[in-house]
Amino acid sequence: MARPLTLPGLVNAHSHAFQRALRGRAAGSDFWAWREGMLEEAERQTAETVRALYASTYREMRAAGFTAVGEFHYLGLETAIAAAEAASEAGIALVCVYAAYARGGLPRMRQESVAAYLADLEALRARGIALAVAPHSVRACPRSWLEELGRYAREESIPLHVHAGEQPREVEECLSEHGMRPIELLADCGCLGERTTVVHATHANGAELDLLRDSGSTICVCPTTEADLGDGFLPAVRVKHRGIRLCIGSDSNIRIDPLEELRQLEGIARRQDGRRKVFPTDELWEIGSANGASALGLETWADVEIDRAHRSLEGVGQEHLPAALIAGCGADVVVAPG
Ligand SMILES: [Zn+2]
């Protein structure tokens, strides 16, 4: 009888659970066209639909080995509460990464002021929901919002998450509005630091990567979504050489499989570098688990158990299990919680 294998649970540091509904039917020839369909889906969400859809999406995450999730939420306060309820129903730890949205998007995504945003945050905190501050992006938040939110996160010692560098157009718009690139603007506004996670950083240049390194910020890479949306590749080798901390997210939830996120990250790095094992197995597991927990400000999160008898592990020796999991298994190799 094979010995069971227990490993630190995987942590999903970046999710928009409602986007799970778009799989297979999302149209659009590029990110911006896809975004139109995504906004339509966002618009029709209610507390009831969120409770039902998120609970089933979170159950899928839990079964795939994610034991904690950072839900980057931009559908308003009532649905944020519903998302937290869905997570407890599904048995996954949730950090509400509550988005600040000043301009663009849908009316339901926006707050009138930073004070109104912080009032929402306090209402969530009063319910005992774990929180991160999240200026949605440099598209959605002007400089004054970024400065205030950066200061708030620092003073309160809570994590700050922000999308940046996902699309070339976002970089161009930032350059024309601010005369600097998105991650340069975040640095300038006091939004980088050891509790900061920049989601994507796909189009970060060398100077921006240096800023992330020097500030101790984390990058959350979401390879299955970045592939699906045609975003591009993380500059994985340059990130690795700088020693920038990485974590993973299932983002649009087109796919819910932490092993595949890790495999794609390593695959990108191998293609860029022309060699193997750019990220050693232990490091990949840390990216998938502990780094995500620290990005969300979690000190503890549940372990996962691996089904040693799963057919995709037949003939694999005990010492090769972790590497074989990442190289050759789907998330169904995780023992689903009873
Ligand atoms: Zn996102």
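What counts, and at which threshold
- Residues numbered from 1 in each chain as written.
- Predicted model: local features only at pLDDT ≥ 70, side-chain atom pairs only at ≥ 80, totals over all residues.
- Heavy atoms only, no water.
- Phe/Tyr/Trp six-rings, centres within 6.5 Å; stacked < 30°, edge-to-face > 60°.
- Buried < 20%, exposed > 50% of the residue type's maximum accessible area, 1.4 Å probe, protein only.
- Helix = DSSP H or I, 4+ residues; strand = E, 2+ residues; numbered from the N terminus.
- Donors = N, O, S within 2.8 Å, 3.2 Å for Na, K, Ca; no water.
- Contact = heavy atoms within 4.5 Å.
- Core = buried A, V, L, I, M, F, W, Y, C linked by side-chain atoms within 4.5 Å.

J.: Describe the packing of aromatic side chains, with residues and values.
T.: Counted under the stated rule, the structure contains six aromatic pairs. Geometrically, the ring pair formed by Phe31 and Trp32 is edge-to-face, given 4.8 Å between the ring centres and 85° between the ring planes. The two residues Phe31 and Trp32 agree in class, both being buried. Between Tyr74 and Tyr101, the ring centres sit 6.4 Å apart and the planes meet at 65°, which makes this aromatic pair edge-to-face. With Tyr74 in the loop between strand S3 (66-73) and helix H3 (77-90) and Tyr101 in the loop between strand S4 (93-100) and helix H4 (114-126), this residue pair connects regions lying 27 residues apart in the sequence. Using a relative accessible area of 5% as the deciding quantity, one classes Tyr74 as buried.

J.: Explain the coordination of the zinc ion residue by residue, including any values.
T.: Coordination of the zinc ion by the protein involves His14 (NE2), His16 (NE2) and His163 (NE2), with metal-donor separations of 2.1 to 2.2 Å. If you list the donors of the zinc ion from N- to C-terminus, the spacing comes out as H-x1-H-x146-H. Judged by its relative accessible area of 0%, His14 falls in the buried class. On the basis of relative accessible area, His16 is assigned to the buried category, the value being 3%.

J.: Help me get a handle on the side chain of Thr202, residues and values and all.
T.: Along the chain, Thr202 falls in the loop between strand S7 (196-200) and helix H8 (206-215). Not counting residues within four places of it along the chain, the set of residues in contact with Thr202 comprises Ala164, Gly165, Glu166, Glu226, Asp231, Gly232, Phe233, Leu234 and Pro235.

J.: Tell me about the nonpolar core, and name the residues and values.
T.: Tyr54, Tyr58 and Leu325 are the most contacted members of the largest nonpolar core, which totals 116 residues. Ranked by residues supplied to this core, first place goes to H3 with eight residues. Not counting residues within four places of it along the chain, the set of residues in contact with Leu325 comprises Leu5, Leu7, Leu259, Arg263, Trp285, Ile306, Leu313 and Val333. By size, the runner-up hydrophobic cluster in this structure holds six residues, among which are Val199, Cys220, Cys222 and Ala295.

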